[in-house]
Amino acid sequence: MSPIKSLEFITNFIQGKREKIPQKLYEPQKPKMPEIRNNPQPLERSLPETEGVPSGWLEKFFKDMSEPEIASHCIMIARHGKVIASAGFKPYREDIWHISHSLCKSITSLAAGIAIHEGYFSIEDSLHDIFQEENRWPDAFKKKDITVRELLTMSTGVTFNELGTVTEEDWIQGFMNSFEVFDPGKGFAYNSANTYMLSAIIQEQTGMKLLDYLNEKLFHPMGIYDLYWEESPQGVNKGGWGLNLWIEDMVKLGILCLNEGCWKGQQLVPREWLEEAERKQIDTPEEMNRYGYGYQFWMCKRPGSYQFNGMFGQNVVILPDLDMVIATTGGSRTMFPESRTMDIIMEYFGGDDCPISNYPLPPDENAHKQLKHFLEQLSFMNFGPREQRIFQKKGRFKGRWVVMRNRIPDYKRIDGDIPGRMESLLNKSYEMEENTASVIPLMLQMMHNNYSTGMKAFRFVIRESMLWLETREGTCVHRIRIGFDEPLYSEIELNGEYYKVGSRAVFREDEDGRDLLYVMLSYVETTSAEIIKFCFREEKLLVKFEERPEIEDVISGLDVLIPVRGLRALAPVKRVSDLKFARREMGRITRQKVWAEVKLQVNSGEEQL
C-alpha cells in the first residue's frame, strides 16, 4: 500500500540509505530555462498615481514585504490591467521563471472549467465512470463514489499524496487503491493528488495533456509561452504542482479572472465556471485559511476576494472591487494562505481604509522616484546595498538626493571585488569527511527525486577576475561564480537537470572572532536556497550547511501532506510515525557540520578537482 511505502521512504531517507530510495522512478525532466522569454503580449506599465494608488503607500507595503520571515523573491502589482509596481529581491528577477507549487491548482481548475463547458465530462461524473479500467478493486475502497466536484473541493478523503507519487509508478492506480480517512464529500483534506486526478481526467477525456490543452485554449491566446510542467511516469502533467512560469504570467491569469474569463474581447474561460470556482464551496481548517475554499481557489479576507496559493509564498491575490491583482513568489516557511504574507497584503489592501482611489491621483514625482529607487535596492540576502540614495525631505539638502556609501573595508581586494581575505583559501583542494550535504538543497532534491551523494571535495579559484567555488559530489563537479557586492549567476547540472543559481558572499566573524565566509546560493527558479558557512580553524575548515526554507517547517505539515490519522493506524514503523522525530532528524540532515582538510596545493585553477 502507498502509505506503508511512504513510511519506508521516510525511514530510508532519515537513516541515509539513499541506495534504497526508488531511483528507477526518476527520469530527468526539467529543461533549461529559455534564454529569451517569448512574451508577445506584455502587460502595459503605468504610474501608480495614474491608476489611483499612492507611490508612498506602495513603498511602505514593499518595506513590510521585505521582512526576513516573508522571504520575498518577486512581487508584481497591477491595477486596471496595468502593472504599477514590481520588483525582484536580488538575486531573484522578474525575467527568471519560478516554480509555482500549488498555485497551479487554480490553473488546473480553469482548464477543468473549459473542458466541462466543451462537454468532455461533467462535474458530477465519478472516477468509476471515467477510469473504468483502474476500478477493478473491491467496493470497500469506494472510489466509485468520488466525483469531479469532490476532487475540486478537496473532499475525497483519499490518503494518496505527493509523497506516495515518489514510491508508486502508476499514480492513477495508486490513488484508486488508497485508503480513505472519511467518506467522499464529508470533510476537507488538502491533497495535491486530487488535482493530479483532474489533470488525468482532462487528458483521458480530451486526448490532450493538460499543458497542451491549456496552451491551445488559454495560454497562447494570452501570449503565455515556453512553460514547463512536470509529468508523472505515465506522461500526465502533475496538475497540482510542478509548473514553472513567470510572475508577469501569474498577473495575467489574475487579470483574466478579474475580467470574468475574458481576455481582449475573447471569452477564454466560461463566466459561469468562474462564478462557482471563485466562491466558497467548503469550510477549511482555520490553521490553513479562515475563509474557505472554492474549486481549487482559496477565499480571502476582503469580501469577494480570492487567491491562487502555493506553499512558501507563491500567490496571486485577486481583489475584484479594487480591480487589482497582487502576485508574489517567495521562499518563506508558510504552507497555506494563513501566513504573515497574507496578513500584510490584507493590512494594506483588505480594509476600507486603504487610500486607493477610483480616479487618478495628482502626480507625485518625488514619491515615485523614491519608490523606484527603493525597489532597485531590494535584496533577498539582506547584505545591504553598497550605496544608498536617500531623498532629503528637510534640512540643508531638502529636495535633493544624497548618496550614502558604505565604509570601504579595511582589508585589500585581490582582484576586482574579491576580498583579500580569500587569499588563504585560494587554490587549495579540501577533502571532506563523509557526509550527505550538498550545494543543492535537500528540499530541491526531494521534490525532483534527484539526489546528490554528498560533497566530497571543494576549492576556491579565480578565473576571469571572478571567484569560483568548485565542488565534487560523486561524479559531478559543480562550478559556481561567487559574487560579493552584487550576485553572480551560474548553472548547476545534476543527473541531467539544470538549475540556475544566484550567489553572494560576505565575510563575517564567528562567536570567537574568527573569520567566517558566509555564502548563500539561491536557486532562483525555485523556492530553495542553500547557505554554506566556511569557518576558519587554522589548517582546517569547518563547513556548516543550512537551507531555506527550513525543512522542519515542511515536515511539520505532514499531518496535511500525509493524512496521519490513517497512517498511524498502520504504524509499521512506530518512530517514523512520530512527527517530532521526523522533523528533528530531517533538520539534522540539512544542518550538517563537516570538517575539511587541505589535501592538495595547486598553482592554478585548471587542474581537475
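Everything discussed here concerns the structure shown above.
Here's a quick rundown of the structure. The structure displayed is predicted, hence computed values, not measured ones.

With that settled, consider the pattern of salt bridges. In the structure shown here, the tally under the stated rule is 31 salt bridges. One salt bridge connects Arg-340 with Glu-67, and the closest N-O pair in it is separated by 2.9 Å. Of this pair, Arg-340 sits in helix α12 (residues 340-349) while Glu-67 sits in the loop between α2 (55-64) and β1 (72-79); the two residues are 273 residues apart in sequence, bridging distant segments of the chain. A relative accessible area of 29% means that Arg-340 is categorised as partly exposed. Residue Glu-67 is classed as partly exposed on the basis of its relative accessible area, which comes to 23%.

Okay, the pairing of strand β2 (residues 82-88) next. Counting buried positions along β2 gives 5 out of 7 residues, so the element sits mostly inside the fold. Count of turn residues in the β1/β2 antiparallel hairpin: 2 residues, of which His-80 carries a positive phi of about 55 degrees.

Phe-61, Phe-62, Ile-107, Leu-218 and Phe-349 are the most contacted members of the largest nonpolar core, which has 119 residues in total. Considering each element in turn, this core owes the most residues, 8 residues, to helix α10 (residues 247-258). Leu-218 has contacts with Leu-110, Leu-253, Leu-256, Leu-268 and Val-269, leaving out every residue within four places of it along the chain. Counting 37 residues, the second largest nonpolar core, distinct from the first, contains Ile-418, Ala-437, Met-455 and Phe-534.

Next up on the list: the side chain of Thr-328. Considering the arrangement of structural elements, one finds Thr-328 in strand β11 (residues 324-330). Judged by relative accessible area, which is 2%, Thr-328 ranks as buried. Side-chain polar atoms of Thr-328 contact the backbone oxygen of Gly-313, separated by 2.9 Å. Filtering out sequence-adjacent residues up to four positions away, Thr-328 remains in contact with Met-65, Cys-74, Ile-75, Ile-247, Gly-313, Gln-314, Asn-315 and Ile-345.

Here we take up the sheet that holds strand β22 (residues 515-523). The 10 strands lie next to each other as β19-β18-β17-β16-β25-β24-β23-β22-β21-β20, forming an open sheet whose pairing is antiparallel. If you trace the sheet from one side to the other, it starts and ends with β19 (476-482) and β20 (488-494), each paired once. Across the sheet, the mean angle separating the axes of adjacent strands is 30 degrees when strand polarity is ignored. With 5 bridges joining them, strand β24 (residues 540-548) and strand β25 (residues 593-601) adopt antiparallel strand pairing. By the bridge assignment, Leu-542 is partnered in β25 with Trp-595.

Applying the stated criterion to the full structure yields 27 aromatic pairs. Ring centres of Phe-61 and Phe-62 lie 5.7 Å apart, and the angle between their planes is 75 degrees; this geometry places the pair in the edge-to-face category. The exposure class of Phe-61 is buried, given its relative accessible area of 0%. Between Phe-458 and Phe-460, the ring centres sit 6.2 Å apart and the planes meet at 80 degrees, which makes this aromatic pair edge-to-face. Each of the two residues, Phe-458 as well as Phe-460, counts as buried. Stacked on the ring of Tyr-489, the Lys or Arg Arg-93 has its end atom at 4.7 Å from the ring centre.

Okay, the environment of Pro-303 next. Following the sequence through the fold, Pro-303 ends up in the loop between β8 (298-299) and β9 (306-310). Remark: the alpha-carbon pair of Pro-303 and Tyr-291, spanning 12 residues in sequence, is separated by 9.8 Å.

Assignment of secondary structure puts His-80 in the loop between β1 and β2. You can call His-80 partly exposed: its relative accessible area is 33%. As for His-80 and Leu-322, which are separated by 242 residues in sequence, their C-alpha atoms are 8.6 Å apart. If we ignore the near neighbours within four places in the chain, the residues touching His-80 are Glu-51 and Asp-323. A polar contact of 2.9 Å, which involves the side chain of His-80, links it to the side chain of Asp-323.

Strand order in the open sheet formed by 6 strands is β2-β1-β11-β10-β9-β8, and the pairing between neighbours is antiparallel. On the outer flanks of this sheet lie β2 and β8, each paired with one strand and no other. Examined bridge by bridge, β9 and strand β10 (residues 314-319) share 5 bridges and lie antiparallel to one another. Residue pairing for β10: Phe-308 is matched across the bridge by Val-316.

Once that is clear, we can look at α10. The end-to-end C-alpha distance of α10, which contains 12 residues, comes to 17 Å, matching closely the 16 Å that a straight helix rising 1.5 Å per residue would cover. Extensive coverage of α10 is indicated by the burial of 12 of its 12 residues. Among the residues of α10, those classed as buried are Ile-247, Glu-248, Asp-249, Met-250, Val-251, Lys-252, Leu-253, Gly-254, Ile-255, Leu-256, Cys-257 and Leu-258. Where α10 terminates, the next one or two residues include Glu-260, which has phi positive at roughly 55 degrees.

Below, the discussion takes up α12. In an α-helix, one turn spans 3.6 residues; hence positions three or four apart end up facing the same way. Here α12 lies mainly inside the structure; 7 of its 10 residues are buried. Residues of α12 that are buried in the fold lie against α2, β9, β10 and β11.

Quick look at the packing of α2 against α12 now. The relative placement of two packed helices comes down to the angle between their axes together with the axis-to-axis distance. Between α2 and α12, whose axes approach to 10 Å, the crossing angle comes to 165 degrees. The angle between α2 and α12 places the two elements in the roughly antiparallel class. With respect to the hand of their crossing, α2 and α12 are arranged in right-handed fashion. Note on element contacts: α12 touches α2 through Ile-344, Ile-345, Glu-347, Tyr-348 and Phe-349, opposite Trp-57, Leu-58, Lys-60, Phe-61 and Asp-64.

How each quantity is defined
Residues numbered from 1 in each chain as written. Predicted model: local features only at pLDDT ≥ 70, side-chain atom pairs only at ≥ 80, totals over all residues. Heavy atoms only, no water. Salt bridge = Lys/Arg side-chain N within 4 Å of Asp/Glu carboxyl O. Helix = DSSP H or I, 4+ residues; strand = E, 2+ residues; numbered from the N terminus. Buried < 20%, exposed > 50% of the residue type's maximum accessible area, 1.4 Å probe, protein only. Pairing = 2+ DSSP bridges. Core = buried A, V, L, I, M, F, W, Y, C linked by side-chain atoms within 4.5 Å. Contact = heavy atoms within 4.5 Å. Polar contact = N/O pair within 3.5 Å; in protein donor to acceptor, adjacent residues only side chain to side chain. Axes fitted to C-alpha atoms, helices over the stretch in contact; angles between N-to-C directions. Phe/Tyr/Trp six-rings, centres within 6.5 Å; stacked < 30°, edge-to-face > 60°. Lys NZ or Arg CZ within 6 Å of the ring centre and 35° of its normal. Expected span 1.5 Å × (residues − 1). Parallel < 35°, antiparallel > 145°, perpendicular 65-115°, else oblique. Left-handed = near helix turned anticlockwise from the far one by under 90°.

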